[in-house]
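# Secondary and tertiary structure notes
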Amino acid sequence: MGREKIIEGSGLSYHYTVYDDEGRPAAKQTALDGVDLQVEKGQFIAILGHNGSGKSTLARHLNALLVPDGGTLYVNGYDTRNDTHVWEVRQSAGMVFQNPDNQIIASVVAEDVGFGPENMGVPTEKIWKRVEQALKMVGMWEERDASPNRLSGGQKQRVAIAGVIAMRPACIVLDEPTAMLDPAGRTEVIRTIRELNEQEKVTIILITHNMEETVYADRILVMDHGKVVMSGNAKEVFSRVEELEHLRLGVPQPALLAWKLKQKGLSLPDGILTMEELAEALEELRKNGQRGAVREL
Amino acid sequence: MLKEITLGQYYPGNSILHRLDPRVKLVGTLVFIISLFAFGSTSAYIAAGLVLAVVITLSAVPLKFILRGLKMIFFLMLITALCNLFLTPGDVIFKVWKLQITAQGVRMAIHMAVRLTYLILGSSIMTLTTTPNQLTDGMETGLGWMRVLHVPVHEIAMMMSIALRFIPILMDEANRIMNAQTARGADFTSGGLIRRARALIPLLVPLFVSAFRRANDLALAMESRGYHGGEGRTRMNPLVYQRRDHIAYGIIALYLVMIFLIWKYVEISLPFLP
């Protein structure tokens, strides 16, 4: 494929040093262990794993907040280990964090979105253009003069995403952006992310422990103990229900239901992920005269 | 009780005061505060009060918001007034046991209370009509010359704006912790001063821990958005003086002259003021 590679990581490893009570290094804990990661322009990648699987550590590498102990990582062609490129790397891979409150710096929405471009030294009129464009992309332009404290969690997170977009990054890395939101905010943020990817062709790397959010990703990487243990598109990954349960990751409800029905002998197609798909497949079965089998269940 | 501090809370609007250059507002507030302390007389205070009333009307900020800031300093004001009332030497007009009230004391107490009220109202108006970012921008540009003296102007301005942003969040958090502790039987509202102060310890410890955690997160977020100090930074809202700003400077100068003249030549003695 001739597509531009935005992230190229191979054999990435990283260790945390654990200190004892007196502050001496006591043990090393492996957070990343030989991770390979390739992301192409315009892709939507989801990285899935439970707490402590190394997914957040990986996210911080993409932004050069952490540097790998072993292996190499190129972000937009820049080696993250090279100190001189640290700002280019950070501009290339914009980060959105978990807590919506702790990443909004300014007290007015528009000023916060302008913070990144200000740091980059973008001329004033261009900052405003970028801010307007970014806020319109996430649907928050109406709230540009509001105080972040008056916004809901989902809205705050959309402002944070706009703040990153305004820096014109090559890709956006979202580190559990919905973990602290209510269901409504969660849907809102995921919808925004999807729209950005589909309409604006923004490259997305979504890090999460929530399966439902990864359904629309082009590729899912499942991490456990610092390693990538599964990789593939949503249909491939979610058909491996038993392995996922073993990794303490819940499969999305419709997929789980479809899998269980199949175990009972219904001939459902592979790779059902959403409620609509499941309903359609069941309707199909009913039409094809397997009515008895459905009723039996 | 913790939610009611308005100092440093921007009230969105589009009044003439909102549109003024923050440097003008900073200078104006400073001049106003200095005038309160330099020219303390009943006549000057009445004049300053009238000016303040005009400014408040111009700001189009609901009076409710402005007055909220006063509640916060009510006790400070009470203590100051009482100290002045009882501890100022002079002509005794009232005496019980060792406590005595002097005519000068009454005067001082009232002046002090008025001064503090004006001070809070004046600075509240500034912070209510200026976004903290504009405010710190104003300080940074207005005081930029201090960098020659190795004063880290940008850093101080950035710290201030972040502090202002997080005050309401930490207030909310304190309230939440307080409710959680109350639900488990903690008592913040009864007992003497010492007991109440001691009851605050289980509130402050988790608050500090959370503040540090937030600071850590924020530092990460700022770094990942390319923040590397004031060097090479551009501004989203660069400060450019408009015609109205020059006019405002003129008005401020006029105010200073007027209040000086009133203080010097006009004397008002109110019947209830000795």
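Quick notes on the rules
Residues numbered from 1 in each chain as written. Chains lettered and ligands numbered in written order. Predicted model: local features only at pLDDT ≥ 70, side-chain atom pairs only at ≥ 80, totals over all residues. Heavy atoms only, no water. Helix = DSSP H or I, 4+ residues; strand = E, 2+ residues; numbered from the N terminus. Rg over C-alpha atoms; globule rule 2.2 N^0.38 Å. Buried < 20%, exposed > 50% of the residue type's maximum accessible area, 1.4 Å probe, protein only. Contact = heavy atoms within 4.5 Å. Areas by Shrake-Rupley, 256 points an atom, 1.4 Å probe, with all protein chains shown as cover. Lys, Arg positive; Asp, Glu negative; His and termini not counted. Charge placed at Lys NZ, Arg CZ, Asp CG, Glu CD. Core = buried A, V, L, I, M, F, W, Y, C linked by side-chain atoms within 4.5 Å. Domains from an automatic or database assignment. Pairing = 2+ DSSP bridges. Axes fitted to C-alpha atoms, helices over the stretch in contact; angles between N-to-C directions. Parallel < 35°, antiparallel > 145°, perpendicular 65-115°, else oblique. Left-handed = near helix turned anticlockwise from the far one by under 90°. Buried area = accessible area lost by both parts, 1.4 Å probe. Salt bridge = Lys/Arg side-chain N within 4 Å of Asp/Glu carboxyl O. Polar contact = N/O pair within 3.5 Å; in protein donor to acceptor, adjacent residues only side chain to side chain. Nonpolar A, V, L, I, M, F, W, Y, C, P; charged D, E, K, R; others polar. Patch = residues over 30% accessible without salt bridge, like charges linked within 9 Å, V, L, I, M, F, W, Y side chains within 5 Å.

### Notes on the overall build of chain A
Within chain A one finds 12 helices and 10 strands. For 297 residues, the compact-globule estimate of 2.2 N^0.38 gives 19 Å, and the C-alpha radius of gyration of chain A, at 21 Å, lies within 12% of that figure. Taken along its principal axes, the extent of the C-alpha atoms in chain A is 70 × 50 × 45 Å. Sorting the 297 residues of chain A into buried and exposed places 54% on the buried side. Sequence-distant contacts in chain A: of pairs separated by 6 or more residues, those separated by 24 or more amount to 63%. When the accessible surface of chain A is summed, it comes to about 13,800 Å², and 45% of that surface belongs to carbon and sulfur atoms. Charge separation in chain A, taken as the distance between the mean sites of 34 positive and 43 negative side-chain charges, equals 3 Å.

### Side note on the nonpolar core
Residues and elements named next belong to chain A. Core analysis: the biggest nonpolar cluster contains 55 residues, and Ile 161, Ile 193, Ile 220, Val 222, Phe 238 and Leu 244 have the highest contact counts within it. Per element, the largest residue contribution to this core is 6 residues, and it comes from helix α6 (residues 153-165). Taken domain by domain, this core gets at least three of its residues from each of domain 1 (41-68 + 75-234) and domain 2 (252-297). The contact partners of Leu 244, leaving out residues within four places of it in the chain, are Met 211, Val 222, Met 230, Val 237, Phe 238, Leu 249 and Val 251. The next biggest cluster of nonpolar side chains, apart from the first, holds 33 residues, and it includes Ile 7, Ile 45, Leu 62 and Leu 66.

### Remarks on the pairing of strand β6 (residues 93-96) of chain A
All names here are of chain A. Side chains of β6 alternate between two faces, with Ala 93 and Met 95 and Gly 94 and Val 96 buried alike. Here β6 pairs with strand β7 (residues 171-175) via 4 bridges, running parallel. Bridging across to β7, Gly 94 finds its partner in Ile 172.

### So, the packing of helix α8 (residues 153-183) of chain B against helix α10 (residues 201-224) of chain B
Residues and elements named next belong to chain B. At a minimum axis distance of 10 Å, the contact between α8 and α10 shows a crossing angle of 140°. It follows that α8 is oblique to α10 by the angle criterion. Crossing geometry of α8 relative to α10 is assigned as right-handed. Taken together, the residues of α10 that come into contact with α8 (itself represented by Met 158, Ile 162, Phe 166, Ile 169, Leu 170, Glu 173, Ala 174, Arg 176, Ile 177, Met 178 and Gln 181) are Pro 202, Leu 203, Pro 206, Leu 207, Ser 210, Ala 211, Arg 214, Leu 218 and Met 222.

### Observations regarding the interface of chain B and chain A
Between chain B and chain A, the residue contacts involve 30 residues of the former and 38 residues of the latter. When chain B packs against chain A, the two sides together hide about 3,200 Å² of surface, and 52% of this comes from carbon and sulfur. On the chain B side of the interface with chain A, the three residues burying the most area are B:Arg165, B:Arg225 and B:Met236, jointly 31% of the side's total. For the interface between chain B and chain A, the tally reads 4 salt bridges. Our enumeration of links across chain B and chain A arrives at 17 residue pairs in polar contact (both at pLDDT 80 or more). Residue assignment for the side of chain B that touches chain A shows that the elements contributing at least two residues are α7 (132-142), α8 and α10 of chain B. For the side of chain B that touches chain A, the element with the highest residue contribution is α10(B), accounting for 8 residues. In the side of chain B that touches chain A, the residues fall into 14 nonpolar, 9 polar and 7 charged.

### Observations concerning the domain arrangement of chain B
Residues and elements named next belong to chain B. Partitioning chain B into structural domains gives domain 1 (1-130 + 241-274) and domain 2 (132-237). The C-alpha centroid of domain 2 is placed 27 Å from the C-alpha centroid of domain 1. With 12 residues of domain 1 in contact, the opposing surface of domain 2 contributes 14 residues. Between domain 1 and domain 2, roughly 1,200 Å² of surface is buried when both sides are summed, and carbon and sulfur atoms account for 74% of that area.

### Side note on the side chain of B:Ser210
Its location among the elements puts B:Ser210 in helix α10. Beyond its immediate chain neighbours, meaning those up to four positions away, B:Ser210 contacts B:Leu170 and B:Glu173.

### Quick word on a nonpolar patch on the surface
All names here are of chain B. On the surface, Ile 46, Leu 50, Val 257, Phe 260, Leu 261, Trp 263, Tyr 265, Val 266 and Ile 268 cluster together into a nonpolar patch covering about 830 Å² of accessible area. Looking at the nonpolar patch, the elements that each hand over two or more residues are α3 (42-59) and α11 (243-265). In terms of residue count, α11 provides more of the nonpolar patch than any other element does, 5 residues in total. Assignment of secondary structure puts Leu 261 in helix α11. Residue class for Leu 261 comes out partly exposed when judged on its relative accessible area of 39%.

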